[in-house]
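Structure assessment
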Amino acid sequence: MKIIISVLSAASILGLIVVAILVFFPYNGGPSITLPGWFSITADPPRKELLSYMNEKYGVEFHELTDEDFKGQPRHFEVRRWQDSFNGIVVYTDSFPGHYFYVRKKIWDIRDDYSCHLVQQEAEEIIHEQLEDIMTNEFKIYCHPYCNQDNECPADLTADEYLSIGSYEFIIFICGDGEEKEQDYEKIKPRLIDILENRKIRQYSVTICYFDPEYFNDINTTDTSTCISHFDDYNAFGSGSIAGVSREESGSTFRWIENKDDI
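For the structure given in this document, a descriptive report is provided here.

Conventions adopted
- Residues numbered from 1 in each chain as written.
- Predicted model: local features only at pLDDT ≥ 70, side-chain atom pairs only at ≥ 80, totals over all residues.
- Heavy atoms only, no water.
- Patch = residues over 30% accessible without salt bridge, like charges linked within 9 Å, V, L, I, M, F, W, Y side chains within 5 Å.
- Areas by Shrake-Rupley, 256 points an atom, 1.4 Å probe, with all protein chains shown as cover.
- Salt bridge = Lys/Arg side-chain N within 4 Å of Asp/Glu carboxyl O.
- Lys, Arg positive; Asp, Glu negative; His and termini not counted.
- Charge placed at Lys NZ, Arg CZ, Asp CG, Glu CD.
- Helix = DSSP H or I, 4+ residues; strand = E, 2+ residues; numbered from the N terminus.
- Buried < 20%, exposed > 50% of the residue type's maximum accessible area, 1.4 Å probe, protein only.
- Pairing = 2+ DSSP bridges.
- Contact = heavy atoms within 4.5 Å.
- Axes fitted to C-alpha atoms, helices over the stretch in contact; angles between N-to-C directions.

Residues Glu122, Glu125, Glu129, Glu132, Asp156, Asp160 and Glu161 make up a contiguous surface patch of negative charge. Contributing elements (two or more residues each) for the negative patch: helix H5 (114-131) and helix H6 (159-165). The element best represented in the negative patch is H5, accounting for three residues. By the element assignment, Asp156 lies in the loop between strand S7 (139-145) and H6. For Asp156, a relative accessible area of 60% puts it in the exposed group.

Structure, rendered in structure tokens:
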């Protein structure tokens, strides 16, 4: 009986330790204390450690962005929100002007998206080459990195590795009026499935947009502001999943949106 009680006591202590760790280090990886009434006090991210990590990893000098510096940037986390939600900071470097990068401290390691940006354009060219023989209209591929990378991306990340392990938004911009949108998707779908099944891409959701030439030509896939500013000007817009879709299926996981108010 004493042995059983001792075992139970040890298990209880271990359980309390695990609970204490989860309370002190919540999902965002930063130390936090929750007071009665669910009021939480979260420590600031380790700025010096994160900056030192980025400087050493990439061999260039990074600087932290403030809320004022970051104000009004499209499709980006606000600095304070990123700090509180993900225990990280937003940084920039003169080696890659006009772009912002996210670095965060998890419990055991650090994640950042800088190397994803370094290979984004090459990654888009890889997908473009995979589709260009079946496309009748001019098109652009958009594989912009998500700020919150799930996997560790090394400093020497390759474009192929980025497509297979990175987290990114996958959009196909097509120059045209969208009259052939259904036929285009039926051609694109099996090719994307092949790429996905061969583990050449990780992202299984795809968005397809059609734009008039004047808007299409302005799109710079490495500059999110040029892409987002034209979303209101699309002719046809589709969004759906290519995961688990067989060649025999009708593509029921994909839908076209004719009215921008329905997005």
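Scanning all chains against the criterion turns up eight salt bridges. Among the salt bridges present, the one from Asp133 reaches Arg191, with a minimum N-O distance of 2.8 Å. Residue Asp133 is found in the loop between H5 and S7, and its partner Arg191 is found in helix H7 (residues 181-197); the two are separated by 58 residues along the sequence. With a closest N to O distance of 3.7 Å, Lys189 and Glu186 form a salt bridge. Of this pair, Lys189 and Glu186 both sit in helix H7, three residues apart, which is roughly one turn of the helix.

Spatially, four strands are ordered S3-S4-S5-S6 in an open sheet, and the strand pairing comes out antiparallel. Looking at which strands have only one partner, the edges of the open sheet turn out to be strand S3 (63-64) and strand S6 (110-112). The pairing of S3 with strand S4 (residues 88-92) spans two bridges and is antiparallel. Bridge pairing in S4 links His63 to Tyr92. Against the sheet, helix H2 (residues 47-58) engages S3, S4, strand S5 (101-105) and S6, with an angle of about 60° to S6.

Attention shifts here to the sheet that holds S7. Pairing within the open sheet is mixed, and its five strands lie in the order S7-S8-S9-S10-S11. Single-partner strands in this sheet number two, and they are S7 and strand S11 (254-257). Across this sheet, the average inter-strand angle for adjacent strands is 20°, counted without regard to direction. The pairing of strand S9 (residues 205-211) with strand S10 (residues 236-241) spans six bridges and is classified as antiparallel. Counted as the bridge partner of Ile208 is Gly238 from S10. Across the sheet, H5 is in contact with S7 and strand S8 (168-175); its angle to S7 comes to roughly 145°. Sitting on the sheet, H7 is in contact with S8, S9, S10 and S11, with an inclination near 145° to S9.

Function cannot be inferred from these measures alone, as they are strictly geometric.
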